[in-house]
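Survey of secondary and tertiary structure
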Amino acid sequence: MTALDLSRPVAVVGTGTMGQGIAQVALVAGHPVRLYDAVPGRADAAAEAIGARLDRLVEKDRLTGADRDAARARLQPAGSLADLADCVLVVEAVLEQLDVKQQLFRDLEDIVEDDCLLATNTSSLSVTAIGGALRNPGRLVGLHFFNPAPLLPLVEVVSGYASDFSSATRAYETARAWGKTPVACADTPGFIVNRIARPFYAEAFAVYEAQAADPATIDAVLRESGGFRMGAFELTDLIGQDVNESVTHSVWQSFFQDVRFTPSLAQRRLVESGRLGRKTGHGWYDYADDAERSEPHTAEKAQAPAYVVAEGDLGPASELLALIREAGIQVREDEEDHGTRLVLPSGGQLVLADGQTSVEFRDVVYFDLALDYRKATRIALSASQDTAPQTLSEAVGLFQALGKDVSVIGDVPGMIVARTVARIVDLAHDAVAKGVATEEDIDTAMRLGVNYPLGPFEWSRRLGRSWACSVLDDLHQRDPSGRYAPSLALYRHAYASEKRDGTS
Ligand SMILES: NC(=O)c1ccc[n+]([C@@H]2O[C@H](COP(=O)([O-])OP(=O)(O)OC[C@H]3O[C@@H](n4cnc5c(N)ncnc54)[C@H](O)[C@@H]3O)[C@@H](O)[C@H]2O)c1
């Protein structure tokens, strides 16, 4: 099955933000493009706006003047749906409302040819439900572009229960021919990206709600230690708190209020108060010109310890030993396997976040997971009231000696990065087990759709196959609501690996 013939026209219905972007993509790829919008004048305005964007591409040398002129000549606003009769594909980007989309496709079915492919850009409705209105639902698929569509490469190609395999394949190949990176996914709430990304926001908000750290500190740890491009607070301020919350709410409702997707009360209050983020000048952060910049909490300079004793295998943090040595701090290795920890001269222990809290142990400081301990510029530490001040001070001094800023946060299990990554890895395994998408497509979707530094499966391989399951087991014991309960898929994965490794 090949991509759609470039000489045949493609229609975009609904010429708002997404419709314009999708139309530009199809146009630049070479199709004649028709634009239709229910509000008179909007399709013409959209054609103007797309033309202006093509002009900017020419200014930036990304498009030749001749290609721009040819593209402009291929772009046509349509006065009525009937003008779309000869289109080979109609992509819908209208209001996110089931009855509106169903009515549109019902109308289109009476107009277009039998071989015309129909696609919806819905982000939260079921493709199956939209297709329920059609005489031939086999021709309808989801083509979920990300905003801004001309820039973001990812397209989720969603097959509803009734979508024909050939329709999905045509849509997939067409997206590829348009220069996009398509991934195939089943029709489940949030598709791939909006489903698996939920914990990135939810866990940051939960740490904040637990009073363990403020938004600026959590964001800094997610960026500088977790390797995420942006922190959850600044990113949702950019997306819009209302938009982000409505996706979370929709995924949670669509999964019949599954606790793993429970929205955040703190974010609800923000939305209720009209603090929607950058667009209203205030969200988690204040964007007024004279507003004081929120800075992360960074620990004062502390004395580095002269040595550490490494006991057991530090697992995902084992690179730390080399870094400590390079910083001129002696590492004494204890051959006996006492667990995964560093013992400080004070006698206190430094342990990688594992889903437990430091109050459960005598004199423990936890340190958070980093994507890459060498590159990380900040590390979060957590301690309890039972941690000796000297232990915390030595822990701070140790990481500072490695060139890291240190943020001391409250004693929350799983800290910031560890709990976030463990949950993302879990949802990814769960999604594969439920037939949502392949491992490769999920990794691609999360890297391209939300800019994660690694796909969940790449991350999981790097962390060790049972790491996420073990962190979530510990978190689940401390919060038995079910939010952290590892999925059966993750259990299977972890225990299969343990058997293979001969560790159980
Ligand atoms: N904005 C995003 O980031 C984003 C990302 C992915 C998917 N989506 C989805 O794309 C769709 C459009 O979103 P948007 O942000 O571009 O919305 P928008 O409000 O910017 O544009 C919607 C357009 O559709 C028109 N319209 C409404 N009903 C219509 C009808 N029956 N027939 C023809 N035109 C109609 C409106 O006049 C408007 O111009 C929604 O389904 C949304 O969930 C949005």
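Model, not experiment: these values are computed from the prediction.

Parameters at a glance
- Residues numbered from 1 in each chain as written.
- Predicted model: local features only at pLDDT ≥ 70, side-chain atom pairs only at ≥ 80, totals over all residues.
- Heavy atoms only, no water.
- UniProt positions renumbered as here; feature names shortened; annotations may be inferred.
- Helix = DSSP H or I, 4+ residues; strand = E, 2+ residues; numbered from the N terminus.
- Domains from an automatic or database assignment.
- Salt bridge = Lys/Arg side-chain N within 4 Å of Asp/Glu carboxyl O.
- Buried < 20%, exposed > 50% of the residue type's maximum accessible area, 1.4 Å probe, protein only.
- Near = heavy atom within 4 Å.
- Polar contact = N/O pair within 3.5 Å; in protein donor to acceptor, adjacent residues only side chain to side chain.
- Areas by Shrake-Rupley, 256 points an atom, 1.4 Å probe, with all protein chains shown as cover.
- Pairing = 2+ DSSP bridges.
- Axes fitted to C-alpha atoms, helices over the stretch in contact; angles between N-to-C directions.
- Contact = heavy atoms within 4.5 Å.
- Expected span 1.5 Å × (residues − 1).
- Arc of directions from axis to C-beta.

1. What to know about the UniProt feature "domain: 3-hydroxyacyl-CoA dehydrogenase C-terminal" (unreviewed entry) in the protein chain
UniProt feature "domain: 3-hydroxyacyl-CoA dehydrogenase C-terminal" (unreviewed entry): in the numbering of this structure it lies at residues 190–287 and 414–494. In the segment residues 190–287, helix accounts for 57% and strand for 0%; the C-alpha atoms at its two ends are 30 Å apart. Segment residues 414–494 splits into 68% helix and 0% strand. End C-alpha atoms: 18 Å apart.

2. A short note on the domain arrangement of the protein chain
Taken as a whole, the protein chain is organised into domain 1 (10–187), domain 2 (195–280) and domain 3 (307–409). On a C-alpha basis, the centres of domain 1 and domain 2 stand 30 Å from each other.

3. A closer look at the pattern of salt bridges
If the charged atoms of two oppositely charged side chains come close together, the side chains can form a pair. In this structure the tally under the stated criterion is 34 salt bridges. With a closest N to O distance of 2.8 Å, Asp55 and Arg68 form a salt bridge. Linking Asp55 in helix 2 (residues 42–59) with Arg68 in helix 3 (residues 65–74), this pair joins segments that are 13 residues apart in sequence. With relative accessibility at 25%, the residue Asp55 sits in the partly exposed group. The partner of Asp372 in a salt bridge is Lys375, and the shortest N-O contact between them spans 3.9 Å. According to the relative accessible area criterion, Lys375 is exposed, its value standing at 65%. A network of salt bridges, in which partner residues are shared, links Arg195, Asp258, Arg260, Asp430 and Lys434.

4. Focus: the site of the ligand
Close to the ligand lie 22 residues; Met18, Asp37, Arg42, Glu96 and Lys101 are nearest. Thr17 has a polar backbone atom sitting 3.0 Å from an oxygen atom of the ligand. Val94 has a polar backbone atom sitting 3.3 Å from an oxygen atom of the ligand. In isolation the ligand offers 840 Å² of accessible surface; the protein chains occlude 75% of this area.

5. Quick look at the sheet that holds strand 7 (residues 154–159)
Taken together, the 8 strands give an open sheet; going across it, the order is 3-2-1-4-5-6-7-8, and neighbouring strands pair in mixed fashion. Of all the strands in the sheet, just strand 3 (75–77) and strand 8 (181–186) have a single pairing partner and so form its edges. On average, each strand axis in the sheet is inclined to that of its neighbour by 25°, with strand direction left out of account. As defined by bridge partners, strand 4 (residues 89–92) adjoins strand 5 (residues 117–120) across 4 bridges and the pair is classed as parallel. Each bridged residue has a counterpart across the sheet, and for Val90 the counterpart in strand 5 is Leu118. Against the sheet, helix 16 (residues 439–449) contacts strand 7 and strand 8, and its axis sits at roughly 125° relative to strand 8.

6. Let's talk about unusual backbone geometry
Here the bond from Asn147 into Pro148 is cis, since omega is 0°, no more than 30 degrees from zero. Its place among the elements puts Pro148 in the loop between strand 6 (140–145) and strand 7. Residues other than glycine seldom take positive phi values, yet Asn451 does so here, at roughly 60°. The topology assignment puts Asn451 in the loop between helix 16 and helix 17 (456–463). Residue Asn451 is classed as partly exposed on the basis of its relative accessible area, which comes to 34%.

7. Section: the pairing of strand 12 (residues 349–352)
Alternating residues of strand 12 divide into Gln349 and Val351 and Leu350 and Leu352, and every residue in both groups is buried. Taking the residues between adjacent antiparallel strands as the criterion, strand 11 (residues 341–343) and strand 12 are bridged by 5 residues, where Gly347 takes a positive phi near 95°.

8. A word on the sheet that holds strand 15 (residues 405–409)
Strands sit in the order 10-9-11-12-13-14-15 across an open sheet of 7 strands; the sheet is mixed. Each edge of the sheet is formed by a strand with only one pairing partner; in this case those strands are strand 10 (330–334) and strand 15. Across the sheet, the mean angle from the axis of one strand to that of its neighbour is 30°, orientation sign disregarded. Pairing of strand 9 (residues 307–311) with strand 11, which is carried by 3 bridges, proceeds in the antiparallel orientation.

9. Quick notes on the environment of Leu125
For Leu125, the location among the structural elements is in the loop between strand 5 and helix 5 (127–131). Judged by relative accessible area, which is 17%, Leu125 ranks as buried. Linking Leu125 and Asp411, residues 286 residues apart in sequence, is a C-alpha distance of 39 Å. With residues up to four places along the chain from it excluded, the contact list for Leu125 reads Glu96, Gln97, Leu98, Lys101, Ile130, Asp187 and Phe191.

10. A look at helix 2
For an α-helix, the turn length of 3.6 residues means that residues three or four places apart are oriented alike. Helix length check: helix 2, at 18 residues, gives a terminal C-alpha distance of 26 Å against a target of 26 Å (1.5 Å per residue), a fit within 8%. The set of residues buried in helix 2 consists of Ala43, Ala46, Ala47, Ile50, Gly51, Leu54 and Leu57. Buried residues of helix 2, seen end-on, are gathered within an arc of 140° and therefore sit on one face of the element. In this structure, helix 2 carries Glu48 and Glu59 as exposed residues pointing more than 90 degrees from its buried face. Phi for Asp61, located one or two positions after helix 2, is positive at around 65°.

11. Section: helix 8 (residues 198–209)
The first and last C-alpha atoms of helix 8 sit 16 Å apart over 12 residues, in line with the 16 Å expected at 1.5 Å per residue. In terms of burial, helix 8 is a largely internal element, 10 of the 12 residues being buried. Considering only its buried residues, helix 8 is in contact with helix 7 (193–196), helix 9 (215–224), helix 10 (232–239), helix 11 (241–254), helix 12 (265–272) and helix 15 (417–433). Downstream of helix 8 by one or two residues, Gln211 has phi in the positive range, about 65°.

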